[in-house]
Amino acid sequence: MRAFTLAAVACAALAHDGLPKNPELNVPGYPDCVQPVKGGNEFTLECFQKPRDNKNQIRIGCVGDSITAGAFSTGGNHTYPGQLQIMLGDGYKVTNLGACGSTLLKNGDSPYWKRPQYTTLINNTWDIIIIMLGTNDAKDKGSGGPPNWPHNCTGSDALKCPFAVDYHSMIEEVRKLGNPTIYTMIPPPLMKKGTYGMNQTVINDVFPTLVPAINKENNLPHPSIDIFDALGGADKASFPPGGCTLQTSKVADCADFCDQQSCDQCHPNNNGYTALAAAVKKGLSL
């Protein structure tokens, strides 16, 4: 048990390096979890599905990483699931299942499959599940990160690569949870090369075509929700070479990533999370 705990702590440090922590949970972001262990980490969280106020409320689960968890937001309702709840109103109950640093890849450095959020996901039934994973999968040694990305997810065999295979496994698991409607999402753009050890080409060039292809291959009823373009990805040719700063806030949607409240090259600020939630609501046609 001690060896497992030490390994978990080491993994936590790797996955969360540089991200501000939520003091109540001792991890970055604001997932729907509690921290029962003093000084605990992401593996000691106890997460929960938000209870419905009445039997007619539609249950939505938001599966993802630190972007879903709301890292660099000011918390409360400023995460994208929190904003989505406000936009959808009382007919819906939105649960934040974001797990900071997590990968969709089962052999990634911090798989979502091993997180308490995943346990909560598979132990409940849902009406709608939204999946936005991949940003941490895009880490590789060439970008200064762990060797997560397999680099064989393009071309004619793209849907045979480990990321596509594990995405299929995730979709099949979710289908068992009350037969929910499943939506995949293209992650936001990476505004600066090498941020958090992430390969910018994978995030900005591969995912916008790979995620929709996975969506189609798995016969999902709705197109992938395009968060990439919603947060400025369509203007990637204009991204500042050194990343977003307060001085470039009017360039290439940098304002959704960098202002006086927060400035990060991967995670949106409060305004960016609101824009993300609006794109999700539009993609859900709700």
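Summarised in this report is the structure supplied together with it. (Residues numbered from 1 in each chain as written. Predicted model: local features only at pLDDT ≥ 70, side-chain atom pairs only at ≥ 80, totals over all residues. Heavy atoms only, no water.)

**Things to note about the pairing of strand β3 (residues 58-64)**
In step 1: For β3, a buried count of six out of seven residues is recorded, marking the element as mostly surrounded by other parts of the structure.
In step 2: Pairing geometry for β3 and strand β4 (residues 92-98), over seven bridges, is parallel. Within β4, the position partnered with G61 by the bridge is T95.
In step 3: When β3 meets strand β5 (residues 128-132), the two strands line up parallel, connected through five bridges. Paired with C62 across the bridge in β5 is I130. (Buried < 20%, exposed > 50% of the residue type's maximum accessible area, 1.4 Å probe, protein only. Helix = DSSP H or I, 4+ residues; strand = E, 2+ residues; numbered from the N terminus. Pairing = 2+ DSSP bridges.)

**Description of the pattern of salt bridges**
In step 1: In the structure shown here, the tally under the stated rule is eight salt bridges.
In step 2: Of the charged contacts, one joins D53 and K93 as a salt bridge, the two residues approaching to 3.1 Å between their closest N and O atoms. With D53 in the loop between β2 (46-47) and β3 and K93 in strand β4, this residue pair connects regions lying 40 residues apart in the sequence.
In step 3: What makes K93 buried here is its relative accessible area of 15%. (Salt bridge = Lys/Arg side-chain N within 4 Å of Asp/Glu carboxyl O.)

**Considering the environment of Q85**
In step 1: With respect to the helices, strands and loops of the structure, Q85 is situated in helix α3 (residues 80-88).
In step 2: Its relative accessible area of 19% is what places Q85 among the buried residues.
In step 3: In the structure, Q85 is positioned 196 residues away from K281 in sequence and 9.6 Å away in space, judged by C-alpha atoms.

**Some words on the environment of N269**
In step 1: Along the chain, N269 falls in the loop between α7 (227-230) and α8 (270-284).
In step 2: A sequence separation of 19 residues divides N269 from K250, and the C-alpha atoms of the two residues are 14 Å apart.
In step 3: Ignoring sequence-local partners within four residues, the contact set of N269 consists of A255, D256, F257, C258, D259, Q261 and S262.
In step 4: At 3.4 Å, the side chain of N269 and the side chain of D259 are in polar contact. (Contact = heavy atoms within 4.5 Å. Polar contact = N/O pair within 3.5 Å; in protein donor to acceptor, adjacent residues only side chain to side chain.)

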